[in-house]
Amino acid sequence: MRFRQQALSKLQSPEELDLPVRFARPQGRLVLGVTVVVMAAACFWAMTGTVSSTLSAPGILTHAQGSYALQSPVAGQITGVLAEEGEILPAGSPLLKVRTEQGDRVVRTIDAGRLTALSATTGAVVGTGADVASVERMKSSDDPLMAVLYVPGDSGQGVPVGASVDLTVQSVPTQQFGVLRGRVAAVGRTALTRQQIARSLGDAQLGEQFSLHGRPVAVLVRLDRSSATKSGYRWSSRQGPPYAIGSMTPATGVVHLADQRPIDWLLP
């Protein structure tokens, strides 16, 4: 009965058409305005903006000619070490003197380069084919450094030649001196095995380290030169480190791939 009386009262009362109707409060209009502006900005960025894609990979600073592991061609006892680590030796330079059953023999370098590691010591016994040293191929100390990055095999083909690269060098504090600048000079066509990496760098441990996650592709990075820095290369900081950087130094490279438009992600 109560609901019937309310209905009759509603029918008998005139409509209040002369009163203003409030469609939205000021706070609501503010929220609506902000939403419209944000959506317009997002649409504009989606049409004209770009997103930079990067790829990170471990690597090492070296010279373009690579390194090699020097093996003893004879078996016997080492009676003399004729060179020191860090020396730049010409091709055919004497390195070790080994006493064999046929007399003393000299182990010589194959190609010119810098002696980066010497595992042989006086008095040690070596067998035929044993690794006794690692030599980095180079002609002089002025040869420019390169960086070799070992990119996962399934990502190597997506690295364009000419792409910019930022290199974090292990021996250089990044927060203080920044990163080393460079550009992709070449991308390997095939994935490398652990043995191939070891032969190229002259170090079996590096071959194992760079192939932990499968067979990688080698990406050669040419470092940007600069006469304004002590190292001779361009850094993200103005002067870079106040000392030279050496070869066979571990580094991590970030390759800046081609920019992509966000709108492309939404299209099939």
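Up top is the structure these notes are about.
Each residue is numbered by its place in its chain's sequence as written, counting from 1. Two thresholds apply to this predicted model, a pLDDT of at least 70 for residue-level local features and 80 or more for giving and counting side-chain atom pairs, whereas whole-chain, interface and lining totals are computed over all residues. Side-chain metrics rest on all non-hydrogen atoms present in the structure, leaving aside hydrogens and water.

## Brief notes about the sheet that holds strand β4 (residues 88-89)
Move 1: The antiparallel open sheet is built from four strands, whose spatial order is β2-β9-β7-β4. Of all the strands in the sheet, the pair left with one neighbour each is β2 (67-71) and β4.
Move 2: A pair of strands is labelled paired if DSSP reports no fewer than 2 bridges between them. The secondary structure listing takes helices from DSSP runs of H or I that are at least 4 residues long and strands from runs of E that are at least 2 residues long, numbered from the N terminus. Strand direction decides the pairing type here: strand β7 (residues 113-118) and strand β9 (residues 131-137), joined by five bridges, are antiparallel. Note on β9: the bridge partner recorded for Arg-114 is Glu-136.

## Comments concerning the sheet that holds strand β8 (residues 125-126)
Two pairing modes exist for strands in a sheet, parallel and antiparallel, and in both the strands are linked by backbone hydrogen bonds.
Move 1: Spatially, β6-β5-β3-β8 is the arrangement adopted by the four strands of the open sheet, whose pairing is antiparallel. In this open sheet, the two strands that pair with only one neighbour each are β6 (103-108) and β8.
Move 2: Pairing between strand β3 (residues 76-81) and β8: two bridges, direction antiparallel. From the neighbouring strand, Gly-76 faces β8, where its bridge partner is Val-126.

## Considerations on the packing of aromatic side chains
Move 1: Between rings of Phe, Tyr and Trp, where Trp is taken as its six-membered ring, a pair exists when centres lie within 6.5 Å; planes separated by under 30 degrees are stacked, by over 60 edge-to-face, and by other angles tilted. All told, the structure shown has two aromatic pairs when counted by the stated rule.
Move 2: On the basis of an interplanar angle of 20° and a centroid distance of 4.6 Å, the ring pair of Tyr-150 and Phe-210 is categorised as stacked. Remark: Phe-210 occurs in the loop between α5 (204-209) and β13 (216-223) and Tyr-150 occurs in strand β10 (residues 146-152); sequence separation between them is 60 residues. Judged on exposure class, the residue Tyr-150 and its partner Phe-210 are both buried.
Move 3: Centre to centre, the rings of Phe-177 and Tyr-243 are 6.5 Å apart; their planes meet at 80°, and the pair counts as edge-to-face. Note that Phe-177 is positioned in helix α3 (residues 174-177) and Tyr-243 in the loop between β13 and β14 (249-256), a separation of 66 residues in sequence. We call a residue buried when its accessible area falls under 20% of the maximum for its residue type, exposed when it is over 50%, and partly exposed in between, using a 1.4 Å probe and counting protein chains only.

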